[in-house]
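Now for the letters of each chain:
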Amino acid sequence: MKVLANDGISTTGIALLEKAGYEVITTRVAQEQLASYINRHKIDVLLVRSATKVRKELIDQCPSLKLIGRGGVGMDNIDVNYAREKGIHVVNTPEASSDSVAELVFAHLFGGVRFLHNANRDMPLEGDSNFKNLKKSYAKGIELRGKTLGIVGFGRIGQATAKIALGVGMQVIYHDPYVEEADITVSFFDGQSVSFQLESLSKDEVLKKSDFLTLHLPAQDKYVIGKEELEKAGSIIGIVNAARGGVIDEVALVDALEEGLVSFAGLDVYESEPSPEIRILMHPNISLTPHIGAATEEAQDRIGQQLAEQILERLQA
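The shown structure was predicted, so the numbers you read here are calculated from the model rather than taken from an experiment.

Moving on to the pattern of salt bridges. Enumeration over the complete set of coordinates arrives at 14 salt bridges. Residue Arg 244 pairs with Asp 76 through a salt bridge whose shortest N-O separation is 3.1 Å. Remark: Asp 76 occurs in the loop between β4 (67–70) and α4 (80–85) and Arg 244 occurs in the loop between β11 (236–241) and α11 (250–259); sequence separation between them is 168 residues. Taking relative accessible area as the criterion, Arg 244 reaches 14% and is therefore assigned buried. One connected set of salt bridges, linked through shared partners, spans Asp 204, Glu 228 and Lys 232.

See below:
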């Protein structure tokens with residue numbers, strides 16, 4: 001069988017598949033040429049991340065496909081139900097990248113409370129000539145310890161984020177209509193662990209009680225955090241979105257930053273991705289990364305391995 005890993009796959013995943021007799025192709029095929037390539041090479045398995053779209057038209061055009069794999073959590077770039085109706089397996093790797101995304105959330109949070117996103121711009125330009133003034137400008141940082149982190153969406157990534165927050169010494173509250181309560185166990189290097197039992201609060205309660213807010217939701221039909229929610233919150237130090245573009249109203253977010261309702265934001269995903277709005281890119285109070293939540297060597301290795309294992313489980317004769 002032939003596997004096209006159109007958005008890449010780790011060497012661990014390749015090794016597992018090749019050992020089982022699969023041919024793994026890592027050529028990056030442009031979206032408009034994908035159907036032709038799949039048919040010409042009689043591809044059995046198509047593996048994607050977020051870049052490649054697998055819509056009804058592509059599925060209809062490619063009768064050789066037996067399995068579609070998404071390296072990551074959300075599958076909004078795949079017409080999942082339609083593919084399954086056609087008898088095609090659709091799999092993803094929901095657990096593989098949770099820790100990596102959670103750590104990126106905290107990279108934005110730690111950077112935000114100490115102004116690192118701006119300091120790293122200013123120091124190369126003025127560090128040798130304006131050091132004392134820069135020191136004074138960035139001298140009003142705060143600690144995360146003792147603050148309250150509100151998490152909207154408490155699935156695997158939300159819970160992984162909670163574990164880091166609890167380890168840092170933050171209070172954690174969350175809102176998720178599908179997870180009424182959760183036992184969160186924070187494990188340490190020496191085998192010790194501490195467990196916390198948390199219960200879901202209303203979204204309004206989370207907004208009002210949180211010092212910091214982070215979102216962990218799949219793609220939505222409407223904003224989860226918009227102008228109304230930001231005004232209800234009153235005052236939030238920082239908001240991070242490493243989930244999906246479109247869960248936060250970016251216009252309302254910028255307005256809230258400029259009105260002082262929010263001190264800073266950290267964004268890894270964008271409404272108009274892959275071409276974020278200039279107003280977002282140039283805002284001094286927004287820390288920016290280019291959709292790299294799962295882009296660690298460890299996460300990619302787990303993703304490749306889990307995809308390979310699911311392919312073998314479903315397609316091995």
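There's more to say after this.
Let us now look at a negative patch on the surface. A contiguous patch of negative charge, built from Asp 99, Glu 103, Glu 297 and Glu 298, is present on the exposed surface. Its place among the elements puts Glu 298 in helix α13 (residues 297–315).

Here the focus is the packing of aromatic side chains. Working definition: an aromatic ring pair is given by the centre-to-centre distance plus the angle between the planes. In the structure shown here, the tally under the stated rule is 4 aromatic pairs. Between Phe 154 and Tyr 174, the aromatic rings sit 3.9 Å apart at their centres with planes inclined by 10°, giving stacked as the arrangement. Of this pair, Phe 154 sits in the loop between β6 (148–152) and α8 (156–168) while Tyr 174 sits in strand β7 (residues 171–175), placing them 20 residues apart in sequence. On the basis of relative accessibility, which here comes to 0%, the residue Tyr 174 falls in the buried class. Seen in terms of ring centroids, Phe 212 and Phe 264 are 6.3 Å apart; in terms of plane orientation they differ by 50°. Their pairing is tilted. Placement of Phe 212 in strand β10 (residues 212–215) and of Phe 264 in strand β12 (residues 262–267) is noted, with a sequence separation of 52 residues between them. Pair check on accessibility: Phe 212 and Phe 264 agree, each one buried.

Cut-offs used in this document
- Residues numbered from 1 in each chain as written.
- Predicted model: local features only at pLDDT ≥ 70, side-chain atom pairs only at ≥ 80, totals over all residues.
- Heavy atoms only, no water.
- Salt bridge = Lys/Arg side-chain N within 4 Å of Asp/Glu carboxyl O.
- Helix = DSSP H or I, 4+ residues; strand = E, 2+ residues; numbered from the N terminus.
- Buried < 20%, exposed > 50% of the residue type's maximum accessible area, 1.4 Å probe, protein only.
- Patch = residues over 30% accessible without salt bridge, like charges linked within 9 Å, V, L, I, M, F, W, Y side chains within 5 Å.
- Areas by Shrake-Rupley, 256 points an atom, 1.4 Å probe, with all protein chains shown as cover.
- Lys, Arg positive; Asp, Glu negative; His and termini not counted.
- Charge placed at Lys NZ, Arg CZ, Asp CG, Glu CD.
- Phe/Tyr/Trp six-rings, centres within 6.5 Å; stacked < 30°, edge-to-face > 60°.

In short, geometric facts, not functional conclusions.
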